Amino acid sequence: MQALADKVWANPAFHAAAGRLQRAWLAHDIGVTRDGRPDLEEVVRLVQASAILACSAISDHREQAYRSITSAFDLYGASELPLDQAARVVLARLSNFPAMATRPSIRDAMPNLPASLITEELVVSDRRTVTHRGRPILLTHYQFGLWRRLNQGKRVAIAAPTSAGKSFVLQNFIVSRLEEAGSLAVVYIVPTRALIAQVSADIRKLLAGDGGTLGEVDVITVPIESGQPLSGRAVYVLTQERLRMMLSAHPAFRAQVIIVDEAHSVGDGARGVLLQWTVDDLLQRLPTAQLLFASPSIRNLDVFGRMFDLTDIDTLPSGDPTVAQNFLVAAFDNAEAGDLTLHYVEAARALTEVGRLALGRRSVTRVEKLVNLAIHLGRGASNIVYANGAGDAETIALEIADQLNGPPTPRRQALAQLAAETVHWSYALVTCVKKGVAFHYSNMPTQIRTAVEEAVARGDIDYLVCTTTLLQGVNLPAKNLFLCRPQKGDRVPLEAVDFWNLVGRAGRLMKEFQGNIFLIDYDNWHKKPLEQARDATIVPAIEAGVLQKGADLLRVVEQPESQRTEIDHVDAVFGRLLHEYFSGGLPKMLNRIPAFGDATPDSLALQKAIAEAAVDITLPASVLRISPNISPHRQQALYRSLHSRAERSPEAAMALVPKHPNDREAYQSYADILEICHKVMQGRPDTSLLHRFLALIALFWMRGRPLPQIVQNQLRRNPDRDRREVVRDTLELVEKRVRYQCVRLFSCYGAVLAEVLQNVGLPDVAKSLPSIPLFLELGASDKTTLSLMSHNLSRATATRLTPHAPSRDLGAEEALEWLRRAPVETYGLPALLLEEILGVRGDKPVETSDDDAH
């Protein structure tokens, strides 16, 4: 069959016919008239060729087989030719069983096949079927390879596009392990809070299936405080920052299974250093733990074995995508009139005209082009529009919404109410979602982001305007994706690796066979990602710090007085290398860095500088590693400052202890602490009053003050500024200043203060410090609120429920027991908040979609 496939592939007539078919499909899909559609005789030959190419081992052959058969079926149906049967045969040979459910006639075509082809499909499907929870599950070739390795207990590093269905396999594997007798801790590391919500919801859904036989398994998304018992059977879905808190609070905690999702983020600066460090910690606690690293398309999967000094990691490169993607270049011929030409990007990057469009609207600016083309081509479909930042996303979403008509549906109205009551009534999302338009960016509250994602999945949202947040693993596919001069961050063109990660969202498994990516004004893009490789090379952040920022690293190590206001990548690298020096593992770690080693002149100079720096750093390694992203020099400076104050008297030492948020003196306590941190660790001038402002916002946040109140306060303080901008800045203030920077400063302060208190003879005080970093991370400090949030209720919902509870001091089980009995329907909650509560209580069936099958 391979020889026959090679012969078909070598025939120019086949490629010419396949090109005509593909262009005809595109013209039909986007609604333009085009001559030259293949006749039925040519379609028959293409279908025969597809059946042969589907058996090839070459991915290009298999992709073309998929494109040809699906395009033929969509264009011609099954009225004149049995293309539904032919499509089923080709999809079976491709092992793309999920795609059969895209069209009912293909799904139901098996009984009409000849007996020989039925037998062939049964043989192929039998090889790809696994039994899970007493029922058979049919997997793709790639999914089956991953499932087999995981169930053999192997450690695996995989690369897979968004549509490959890896999450389905990973989450079902977790459930299969939990069905085994005995205790089990699974750690599922994700890079963002948005992914915490998505992954934990998916796992809970699986655990609740089949009668909820695994209902005793806990899905934990917030760090468990020191002294609180750990569950014997649990899945911990955490970011590396939350996992760091967990590991610090529970030195004996061990995980038998470790899953690192979006594992390429080991290259993301200081956060990448922290991610590698937390995995190292878990392996140190249980060296036999099963590991899985999952990434989008990357070239050097062997990097994970080298990073962690492991020789037993199987690598599983990217498999065939289950949905095809088409790249269409949109070039405006007359921007004032909105006239443009669409070209299809062929396999060899050649451009072939598909058709011309007349939008009838001025399309001169980037925003106008995105808005008008998305509206013209996206009606009746699911669409993603890429924006260059949060403000840009709001502007584009409002422009699209302004051109759409019709009253809001009840679901859209409920989402608008949720946005108003959990952010502010003037939030741009309130207006947009009523028209079926939403946006998605990093500083949005997790609950709102999750609600938007669920609305997109249900089909309540037709247009989603997104930023780089979709690059961080959130699974929100759409039929169409629109991009125009895309950027990441502050005027930085989108890199090829991010581009290819993003375009993987075009095409929804079991909804359509092909997704479209519209590249607007491509000739004017600063970078041309189509001309660059799809797979990227990961450079771990520690290696990047040593090899690419060596001079900066050496300066930070050698100059303790060097102060910068922001936590930096090289600070984190210095902290990790110093830790290895203290443990005797520094030469070994440096030796694992390619082209650096432990005996080169640069390596020896770095080792010498670290050895000299270690002389001045007296803090134990156990304290330094609690704040791995803060320079050891800064931590030592903080220790000296606090120790000089604490040794004066017990009263002076007690004055350094942070107050609980409910304490009347909490504001002044936090202002004093932040002032110390800003001056000692960041070198801010004495005239800076930032610490007072941040202390106030942090206190509001930890006391559970509703976000709309915080936003309203900022609007009153800035009456002359644009309201949209003030709301966005307030969200950024909470997410980046309070939940990121303040968490790190208070975490470091608490760890260093505990060491100071031990050394001045107050060990009991050191053990009873309030969990300020946890309160900041979650936005609550009442025990009842924290307990409710531990059951996957959002902050907004938990803080609305707490005043109705019999006590503000309920433990996790007590809070859940009260919630099950509480008359929540009488509390006047917004519809989506009430729906969230009922879902946690189990008062409604767990919603599932067709996508849950694969």
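The rules we used
Residues numbered from 1 in each chain as written. Predicted model: local features only at pLDDT ≥ 70, side-chain atom pairs only at ≥ 80, totals over all residues. Heavy atoms only, no water. Helix = DSSP H or I, 4+ residues; strand = E, 2+ residues; numbered from the N terminus. Contact = heavy atoms within 4.5 Å. Lys, Arg positive; Asp, Glu negative; His and termini not counted. Charge placed at Lys NZ, Arg CZ, Asp CG, Glu CD. Salt bridge = Lys/Arg side-chain N within 4 Å of Asp/Glu carboxyl O. Buried < 20%, exposed > 50% of the residue type's maximum accessible area, 1.4 Å probe, protein only. Phe/Tyr/Trp six-rings, centres within 6.5 Å; stacked < 30°, edge-to-face > 60°. Expected span 1.5 Å × (residues − 1). Axes fitted to C-alpha atoms, helices over the stretch in contact; angles between N-to-C directions. Parallel < 35°, antiparallel > 145°, perpendicular 65-115°, else oblique. Left-handed = near helix turned anticlockwise from the far one by under 90°. 1 Å grid on protein atoms, 1.4 Å probe; cavity = no way out; pocket = protein on both sides within 12 Å on 5 of 7 lines; lining within 4 Å. Points joined across faces, edges and corners; volume = space filled by probe spheres on them. Nonpolar A, V, L, I, M, F, W, Y, C, P; charged D, E, K, R; others polar. Pairing = 2+ DSSP bridges. Core = buried A, V, L, I, M, F, W, Y, C linked by side-chain atoms within 4.5 Å. pLDDT = per-residue confidence, 0-100. Disulfide = S-S within 2.5 Å.

So, the overall build of the protein
Across its full length, the protein carries 37 helices and 17 strands. Projecting the C-alpha coordinates of the protein onto the three principal axes gives extents of approximately 95 × 65 × 55 Å. Of the contacts made within the protein by residues no fewer than 6 positions apart, 70% connect residues no fewer than 24 positions apart. Treating the 94 positive side-chain charges of the protein as one cloud and the 97 negative ones as another, the clouds have centres 2 Å apart.

Some remarks on the pattern of salt bridges
A full pass over the atoms with the stated rule returns 54 salt bridges. For R193, the salt bridge identified is with E735, shortest N-O distance 2.6 Å. Of the two residues, R193 sits in helix α10 (residues 193-208) while E735 sits in helix α31 (residues 723-759), which places them 542 residues apart along the sequence. Each member of the pair, R193 as well as E735, is classed as buried.

Observations concerning the packing of aromatic side chains
Enumeration over the complete set of coordinates arrives at 15 aromatic pairs. Pairing Y427 with F439 gives two aromatic rings, centres 5.6 Å apart and planes at 90°, and the pair type is edge-to-face. Of this pair, Y427 sits in the loop between α16 (410-422) and α17 (428-433) while F439 is found in strand β14 (residues 437-440), placing the two residues 12 residues apart along the sequence. Judged by its relative accessible area of 0%, F439 falls in the buried class. A centroid spacing of 5.7 Å and a plane angle of 90° characterise the contact between Y670 and F746, whose relative ring orientation is edge-to-face. Taken as a pair, Y670 in helix α28 (residues 666-682) and F746 in helix α31 lie far apart in primary sequence, 76 residues in all. Of the residues examined, Y670 reaches a relative accessible area of 0% and is grouped as buried. What makes F746 buried here is its relative accessible area of 4%. Pairwise contacts between aromatic rings join F327, F499, W500, Y522 and W525 into one cluster.

A look at helix α7 (residues 115-127)
Taking 1.5 Å as the rise per residue, α7 with 13 residues should run 18 Å; its terminal C-alpha atoms sit 19 Å apart, in good agreement. Residues of α7 that are buried make contact with α5 (83-93), β1 (129-132) and β2 (135-138).

Observations regarding the environment of Q758
Checked against the element boundaries, Q758 lands in helix α31. The class of Q758 is partly exposed, set by a relative accessible area of 40%. In sequence terms Q758 and Y639 are 119 residues apart; their C-alpha atoms lie 12 Å from each other. Other than its neighbours up to four places away in sequence, Q758 contacts P763 and A766.

Details of the packing of helix α26 (residues 632-646) against α31
The geometry of α26 relative to α31 is characterised by a closest axis approach of 9 Å and an angle of 45° between their N-to-C directions. The pairing of α26 with α31 is recorded here as oblique in orientation. α31 is crossed by α26, and the crossing has right-handed handedness. Contacts from Q635, L638, Y639, L642, H643 and A646 in α26 reach C748, Y749, V752, L753, E755, V756 and N759 in α31.

What to know about empty space enclosed by the protein
With the rule as written, the count across this model stands at six cavities of 30 Å³ or more. By volume, the largest cavity is sized at about 80 Å³. Taken together, R485, P486, Q487, P493, L494, F499, W525, H526, K527 and P529 form the lining of the largest cavity. In the lining of the largest cavity, the residues fall into six nonpolar, two polar and two charged. By volume, the second largest cavity is sized at about 70 Å³. Forming the boundary of the second largest cavity are Q276, R306, M307, P540, I542, E543, M589, R592 and I593. Those elements giving two or more residues to the lining of the second largest cavity turn out to be α13 (303-307) and α20 (541-547). Residues that form the lining of the second largest cavity fall into these classes: five nonpolar, one polar and three charged.

A closer look at helix α18 (residues 446-458)
What sets the pattern is the α-helix's 3.6 residues per turn: residues three or four places apart point alike. Taking 1.5 Å of rise per residue, 13 residues should cover 18 Å, and α18 covers 18 Å from first to last C-alpha, within 8% of that figure. Restricting attention to buried positions, one finds in α18 the residues Q447, I448, R449, T450, A451, V452, E453, A455 and V456. Two residues or fewer past α18, G459 is found with a positive phi of approximately 95°.

What to know about the sheet that holds strand β3 (residues 155-159)
Ordered in space as β5-β6-β4-β7-β8-β3-β9, the seven strands form an open sheet in which the pairing is parallel. Each edge of the sheet is formed by a strand with only one pairing partner; in this case those strands are β5 (218-220) and β9 (313-316). Pairs of neighbouring strands in the sheet enclose a mean axial angle of 15°, with direction left out of account.

Some remarks on the sheet that holds β14
Note: strands within a sheet are paired through backbone hydrogen bonds, in either parallel or antiparallel orientation. Spatial strand order, β12-β11-β10-β17-β16-β13-β15-β14: eight strands in an open sheet with mixed pairing. The open sheet terminates on both sides in strands that have one partner only, identified here as β12 (351-358) and β14. Looking at each pair of strands side by side, their axes are set apart by 25° on average, direction ignored. Two elements, strand β10 (residues 324-334) and strand β17 (residues 514-520), share seven bridges in a ladder whose sense is parallel. Residue V329 lies in a different strand from β17, and its bridge partner there is L519.

Quick look at the nonpolar core
Formed by 266 residues in total, the largest nonpolar core has its most connected members in Y427 and F439. For this core, the element with the highest residue contribution is α31, accounting for 18 residues. Beyond its immediate chain neighbours, meaning those up to four positions away, F439 contacts A393, E394, A397, Y427, A428, L429, C432, M444, V452, L464 and V465. A157, I224, A255 and L301 belong to the second largest nonpolar core, which has 36 residues in total.

Thoughts on the packing of helix α4 (residues 59-76) against α5
Contact pair α4 / α5: the axes reach a minimum separation of 10 Å and the direction vectors enclose 160°. The angle between the axes of α4 and α5 places the two elements in the roughly antiparallel class. Note that α4 runs across α5; the crossing there is left-handed. For the pair α4 and α5, contact is made by R62, A65, Y66, I69, A72, F73 and Y76 and by L83, D84, A86, A87, V90, L91 and R93, respectively. Partitioned by chemical class, the residues of the contact of α4 with α5 number 11 nonpolar, no polar and three charged.

Regarding the confidence of the model for the protein
For residues with low pLDDT, the predicted coordinates do not support detailed interpretation. For the protein, the mean per-residue pLDDT works out to 91, and 97% of the residues sit at or above 70. With pLDDT under 50 throughout, residues 845-854 is counted as low confidence; its partners more than four residues away or in other chains account for 21 contacts.

Quick word on the state of the cysteines
By definition, a disulfide links two cysteine residues through a covalent bond between their sulfur atoms. Taken as a whole, this structure holds zero disulfides when the rule is applied. Free of any disulfide, C466 has its nearest cysteine sulfur in C484, 14 Å distant. Residue C484 is classed as buried on the basis of its relative accessible area, which comes to 2%.

Notes on unusual backbone geometry
Residue R485 is not a glycine yet carries a positive backbone phi of 45°. Here R485 shows up in the loop between β16 (480-484) and α19 (496-503). The backbone of A595 sits at a positive phi, close to 65°, despite the residue not being glycine. Looking at where A595 falls in the secondary structure, it is placed in the loop between α23 (586-591) and α24 (601-616). The class for A595 is exposed, based on a relative accessible area of 82%.

Description of the pairing of β12
In terms of strand pairing, strand β11 (residues 339-345) meets β12 through seven bridges, oriented antiparallel. The partner of V345 across the bridge, within β12, is L351. Taken together, β11 and the strand that follows it, β12, pair antiparallel across an intervening segment of five residues, in which R349 is found at a positive phi of about 70°.

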